[in-house]
Amino acid sequence: MREVHDRIIAAATERFAARGVEAVKVDEICHAADIAQKTFFNHFPTKHHLMREIAEGFLQALVALLETARAEGGTTGQQLERFLALVATEIERGGPMQRTFVMEVIRLVHDDPRDVEKSRQLYDAFGALLRDGVRKGHTTTAYPVPVLSEVVVGTFNTLMLNWLGIENYPFRARATAMGRFLADALRARKGIAPVKRRT
């Protein structure tokens, strides 16, 4: 059963990458996966459900890229710069489906209350990186980690949205610049006290 499920995802992903999501029909996916349409709908009620599952995989892949960037060490800023460079490489490598799935991931992160656990994956991954940086003393303590996490996620989402909406958007150049900005903004500075919370 799982083998059939994975076969459908693999067939759909290959065709989405080549021609874009909208152009690929369910019967084409079924033919490529060597299954009947009834079997497809036993696994996915609609093509949209299939797309969402692939998008969830894309979100998990982003988290994995962040973990790869963290594993190589360095400051929080260096790890974020490395992460954005890895994302740029994946964007450059991807086909037409990348734009559709990035939009789907952003929806997962923000818009669907049914997917709270999934939507927090990237936010929590950035938060873990930032908390690690605070512990090591190279990330600012002037603001609470949840605030810093929102700034980082917001910067990342802005990068993605600009790429989605602006033709010929210079993704790698902007990713590099935003990575440097975050590295500078997050760097621990001597003599700057934490912001006091209002009671």
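This text gives an overview of the structure that appears in the document. Keep in mind that this is a model prediction, so the values were computed, not measured.

**Points about a nonpolar patch on the surface**
A contiguous nonpolar surface patch, about 270 Å² in accessible area, is contributed by Tyr143, Val147 and Val151. By the element assignment, Tyr143 lies in the loop between α8 (121-136) and α9 (145-165).

**Focus on the environment of Arg180**
By the secondary structure assignment, Arg180 is in helix α10 (residues 171-186). For Arg180, a relative accessible area of 55% gives the class exposed. Sequence separation between Arg180 and Gln78 is 102 residues; the distance between their C-alpha atoms is 8.4 Å.

**Some details on the packing of α9 against α10**
The contact between α9 and α10 brings their axes to 11 Å, and the two run at 170°. By the angle between their directions, the pair α9 and α10 is classed as roughly antiparallel. Facing α9, whose interface residues are Leu148, Val151, Val152, Thr155, Thr158, Leu159, Met160 and Trp163, α10 presents Phe171, Arg174, Ala175, Met178, Leu182 and Leu186. Among the residues making up the contact of α9 with α10, the classes are represented as eleven nonpolar, two polar and one charged.

**A short note on the pattern of salt bridges**
Under the definition given, this model contains 13 salt bridges. Where Glu72 meets Arg82, a salt bridge forms, and the shortest distance between an N and an O atom there is 3.5 Å. Here Arg82 lies in helix α5 (residues 76-93) and Glu72 lies in the loop between α4 (47-71) and α5, a separation of ten residues in the sequence. Accessibility expressed as a relative area gives 55% for Glu72, which makes it exposed. We classify Arg82 as partly exposed; its relative accessible area is 22%. Between Arg135 and Asp132 there is a salt bridge, with the nearest N and O atoms lying 3.1 Å from each other. Separated by three residues within a single helix, Arg135 and Asp132 lie in helix α8, roughly one turn from each other.

**Some points on the packing of helix α1 (residues 2-19) against α4**
For the pair α1 and α4, interaxial distance at closest approach is 11 Å and the crossing angle is 90°. On the basis of their axis angle, the class for α1 and α4 is roughly perpendicular. Taken together, the residues of α4 that come into contact with α1 (itself represented by Arg2, His5, Ile8, Ile9, Ala12, Thr13 and Phe16) are Lys47, Leu50, Met51, Glu53 and Ile54. Its residues assigned to classes, the contact of α1 with α4 comprises seven nonpolar, two polar and three charged.

**Overview of the packing of aromatic side chains**
The tally for this structure, following the rule as stated, stands at six aromatic pairs. With centroids separated by 5.5 Å and ring planes inclined at 85°, the aromatic side chains of Phe83 and Phe126 adopt a geometry described as edge-to-face. Linking Phe83 in helix α5 with Phe126 in helix α8, this pair joins segments that are 43 residues apart in sequence. Judged by relative accessible area, Phe83 falls into the buried class, the value being 1%. We classify Phe126 as buried; its relative accessible area is 2%. Among the aromatic residues, those joined into a cluster by ring pairs are Phe40, Phe41 and Phe44.

Conventions we followed
- Residues numbered from 1 in each chain as written.
- Predicted model: local features only at pLDDT ≥ 70, side-chain atom pairs only at ≥ 80, totals over all residues.
- Heavy atoms only, no water.
- Patch = residues over 30% accessible without salt bridge, like charges linked within 9 Å, V, L, I, M, F, W, Y side chains within 5 Å.
- Areas by Shrake-Rupley, 256 points an atom, 1.4 Å probe, with all protein chains shown as cover.
- Salt bridge = Lys/Arg side-chain N within 4 Å of Asp/Glu carboxyl O.
- Helix = DSSP H or I, 4+ residues; strand = E, 2+ residues; numbered from the N terminus.
- Buried < 20%, exposed > 50% of the residue type's maximum accessible area, 1.4 Å probe, protein only.
- Axes fitted to C-alpha atoms, helices over the stretch in contact; angles between N-to-C directions.
- Parallel < 35°, antiparallel > 145°, perpendicular 65-115°, else oblique.
- Contact = heavy atoms within 4.5 Å.
- Nonpolar A, V, L, I, M, F, W, Y, C, P; charged D, E, K, R; others polar.
- Phe/Tyr/Trp six-rings, centres within 6.5 Å; stacked < 30°, edge-to-face > 60°.

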